[in-house]
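Here is what each chain is made of, one letter per residue.
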Amino acid sequence: MKHKHLVLLVFLLKTSFAFTQTDRPTDKESTPEAVHLYKKLKSLNGKYLVGHQDALAYGVNWKYVDSASDIKNLVGDYPALYGWELGGIEQGAPKNLDGVPFDAMRQFIKDGYRRGGVITISWHARNPVNDSTAWDTTRHSVANILPGQRYHKKFVRNLNRVAVFLSSLKDDTGKPIPILFRPFHECTGNWFWWGVTGGNPSEFKQLFRFTVGYLREKMKLHNLLIVYNTGTEYDNEDEFLRLYPGDDIADVVSFDTYERGDPELSYDFAEKLDSKLGIAERMAARHDKIGAIAEIGYNGIPLSRWFTKIIEPVFKKHKFAYMLLWRNAGYHLKSGKMEYYAPFAGHPSASDFLDFYKAPETIFGQEAKELSFYTP
Ligand code: BMA
């Protein structure tokens, strides 16, 4: 082949590749900061953000202490990703289901963003059909809130309250803060009203598409990257995407996973994590999306080297953008049980977490700032 032809061929291949790789979020009107965040998260290339739910609001044995965070108190650096939760807002409650006031949450979100961190939001919405909790799995709940159905108006009223909060998330100059929004999470599970007991795949997709369309088109929210999120109820790619709302809706494909029970079985957990993460990673690549672990943890971290011996070796084998540790709720008065997923100063796995912090692949707050997720 003549050199000239070879150059032309390479050029054609490159441009057609550029066309399939959009490098833009699904929302055509995304804010410049959301576009930049999307591109950055997609190009981490083996590094990943470490996140923590409710990181700034409370931790084990403390609540609302200025600038505190269990992770920061331990490693001297904030997480790179901050998770927040809207459950309760749909009914106009001033606090979420875990007692975090929405006004305080808005401020924490601004603080995290100002520090260069990334924000993700979930929504344990009460069941609109009967106002019971997110865990009420009354059959046909999803069908009953779709357009034209009995509880649709109520669902829209609830969604409006979410939209009002999301549109209030702005930085000091009035620019919208980009949010990784993760509605209807763990959809492949059977414990939430939007899960497999509350509806079928087609209804679920309609609900998801309606919700995102409403936030974008009616409420003019263009700071959202949309996260599709399953549990671990999948063994292949079709099962992982069984409830996928579409390439024009989702920007991130993710799953949630928890280790439970006997630490002796931790290597089995690692094996499963490897396989689920592999599937999510391949689907992210095939659909040109960001892959992520939207929630992970081992309550109480009963294995002192869980971070570096169990999960980190698996993470090293994959490319995905972030992982979020669930909340350090501390002592639950009702059940008399402790709940936390990130270690804190003095915990037996504190030194292991410091090693995890130092691992070259993990990104925490300081590095997130240096990577500049929002501006070129
Ligand atoms: C669960 C637990 C609950 C909490 C819920 C929503 O996994 O942490 O205590 O209410 O998440 O944040």
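Conventions and cut-offs
- Residues numbered from 1 in each chain as written.
- Predicted model: local features only at pLDDT ≥ 70, side-chain atom pairs only at ≥ 80, totals over all residues.
- Heavy atoms only, no water.
- Helix = DSSP H or I, 4+ residues; strand = E, 2+ residues; numbered from the N terminus.
- Rg over C-alpha atoms; globule rule 2.2 N^0.38 Å.
- Buried < 20%, exposed > 50% of the residue type's maximum accessible area, 1.4 Å probe, protein only.
- Contact = heavy atoms within 4.5 Å.
- Areas by Shrake-Rupley, 256 points an atom, 1.4 Å probe, with all protein chains shown as cover.
- Axes fitted to C-alpha atoms, helices over the stretch in contact; angles between N-to-C directions.
- Parallel < 35°, antiparallel > 145°, perpendicular 65-115°, else oblique.
- Left-handed = near helix turned anticlockwise from the far one by under 90°.
- Nonpolar A, V, L, I, M, F, W, Y, C, P; charged D, E, K, R; others polar.
- Near = heavy atom within 4 Å.
- Polar contact = N/O pair within 3.5 Å; in protein donor to acceptor, adjacent residues only side chain to side chain.
- Salt bridge = Lys/Arg side-chain N within 4 Å of Asp/Glu carboxyl O.
- UniProt positions renumbered as here; feature names shortened; annotations may be inferred.
- Pairing = 2+ DSSP bridges.
- Right-handed = clockwise from strand over helix to strand, strands pointing away.
- Core = buried A, V, L, I, M, F, W, Y, C linked by side-chain atoms within 4.5 Å.

### Points about the overall build of the chain
So, step 1. Across its full length, the chain holds eleven helices and 13 strands.
So, step 2. Relative to the compact-globule value of 21 Å for 376 residues, the chain shows a C-alpha radius of gyration of 21 Å, a close match.
So, step 3. In terms of overall dimensions, the chain has a C-alpha envelope of 75 × 55 × 45 Å along the principal axes.
So, step 4. Split into buried and exposed, the 376 residues of the chain put 55% on the buried side.
So, step 5. If you take every contact in the chain between residues at least 6 apart in sequence, the share linking residues at least 24 apart comes to 75%.
So, step 6. Total accessible area on the chain is roughly 16,400 Å²; 54% of this is exposed by carbon and sulfur atoms.

### Overview of the packing of helix α8 (residues 266–286) against helix α9 (residues 306–316)
So, step 1. At a minimum axis distance of 9 Å, the contact between α8 and α9 shows a crossing angle of 25°. The pairing of α8 with α9 is recorded here as roughly parallel in orientation. In this structure, α8 meets α9 at a crossing whose hand is right-handed. Residues Ser266, Tyr267, Phe269, Ala270, Leu273, Asp274 and Leu277 of α8 form the contact with α9, whose own contacting residues are Trp306, Lys309, Ile310, Ile311, Val314 and Phe315.
So, step 2. In the contact of α8 with α9, the residues fall into ten nonpolar, one polar and two charged.

### Topic: the site of the ligand
So, step 1. In the region of the ligand, the neighbouring residues are Leu97, Asp98, His124, Trp326, Arg327, His332 and Glu339.
So, step 2. One nitrogen or oxygen atom from the side chain of Trp326 is found 3.0 Å from an oxygen atom belonging to the ligand.
So, step 3. Glu339 has a polar side-chain atom sitting 2.7 Å from an oxygen atom of the ligand.
So, step 4. Class assignment of the residues belonging to the shell around the ligand gives a composition of two nonpolar, two polar and three charged.

### Observations regarding the environment of Ile119
So, step 1. Inspection of the secondary structure puts Ile119 in strand β5 (residues 118–122).
So, step 2. Residue Ile119 is classed as buried on the basis of its relative accessible area, which comes to 0%.
So, step 3. On a C-alpha basis, the gap between Ile119 and Pro178 in space is 7.2 Å, while along the polypeptide they are 59 residues apart.
So, step 4. With near-sequence residues (within four places) excluded, Ile119 lies in contact with Leu81, Tyr82, Trp84, Ile109, Gly112, Tyr113, Ile177, Pro178, Ile179, Leu180 and Tyr374.

### Some remarks on the pattern of salt bridges
Oppositely charged side chains are able to pair whenever their charged atoms sit close together.
So, step 1. A full pass over the atoms with the stated rule returns 20 salt bridges.
So, step 2. With its nearest N and O atoms 2.6 Å apart, the salt bridge here joins Arg209 to Asp248. Taken together, the residues Arg209 in helix α6 (residues 201–218) and Asp248 in the loop between α7 (237–240) and β8 (252–259) connect sequence positions 39 residues apart.
So, step 3. Salt bridges linked by common partners bring Asp23, Lys42 and Asp288 together as one network.

### A word on the UniProt feature "domain: GH26" (unreviewed entry) in the chain
So, step 1. In the numbering used here, UniProt assigns the feature "domain: GH26" (unreviewed entry) to residues 32–366.
So, step 2. For residues 32–366, helix accounts for 33% and strand for 18%, while the C-alpha atoms at its two ends are 22 Å apart.

### A few points about the pairing of strand β9 (residues 290–298)
So, step 1. Burial within β9 is extensive, with nine of its nine residues counted as buried.
So, step 2. Pairing of β8 with β9, which is carried by eight bridges, proceeds in the parallel orientation. Note that in β9 the partner of Tyr258 across the bridge is Gly297.
So, step 3. On the question of chirality, the crossover connecting β8 to the parallel β9 by way of α8 is right-handed.
So, step 4. Between β9 and its parallel partner strand β10 (residues 322–325), the chain crosses via α9, and the hand of that crossover is right-handed.

### A look at the pairing of β5
So, step 1. Of all five residues in β5, five are buried, a share of seventy percent or more.
So, step 2. Side chains Val118, Thr120 and Ser122 project from β5 onto one buried face, and the interleaved Ile119 and Ile121 project onto a second face that is buried too.
So, step 3. Bridge count between strand β4 (residues 81–85) and β5: five bridges; the pairing is parallel. Directly across from Tyr82, in β5, lies its bridge partner Ile119.

### So, the nonpolar core
So, step 1. Core analysis: the largest hydrophobic core is formed by 118 residues, its most contacted members being Leu86, Phe181 and Phe315.
So, step 2. Examining the composition of this core, we find that eight residues originate from one element, α8, more than from any other.
So, step 3. Each residue touching Phe181, except ones within four places of it in the same chain, is listed here: Leu86, Ile121, Trp123, Val162, Leu166, Leu215, Leu224, Leu225, Ile226 and Val227.

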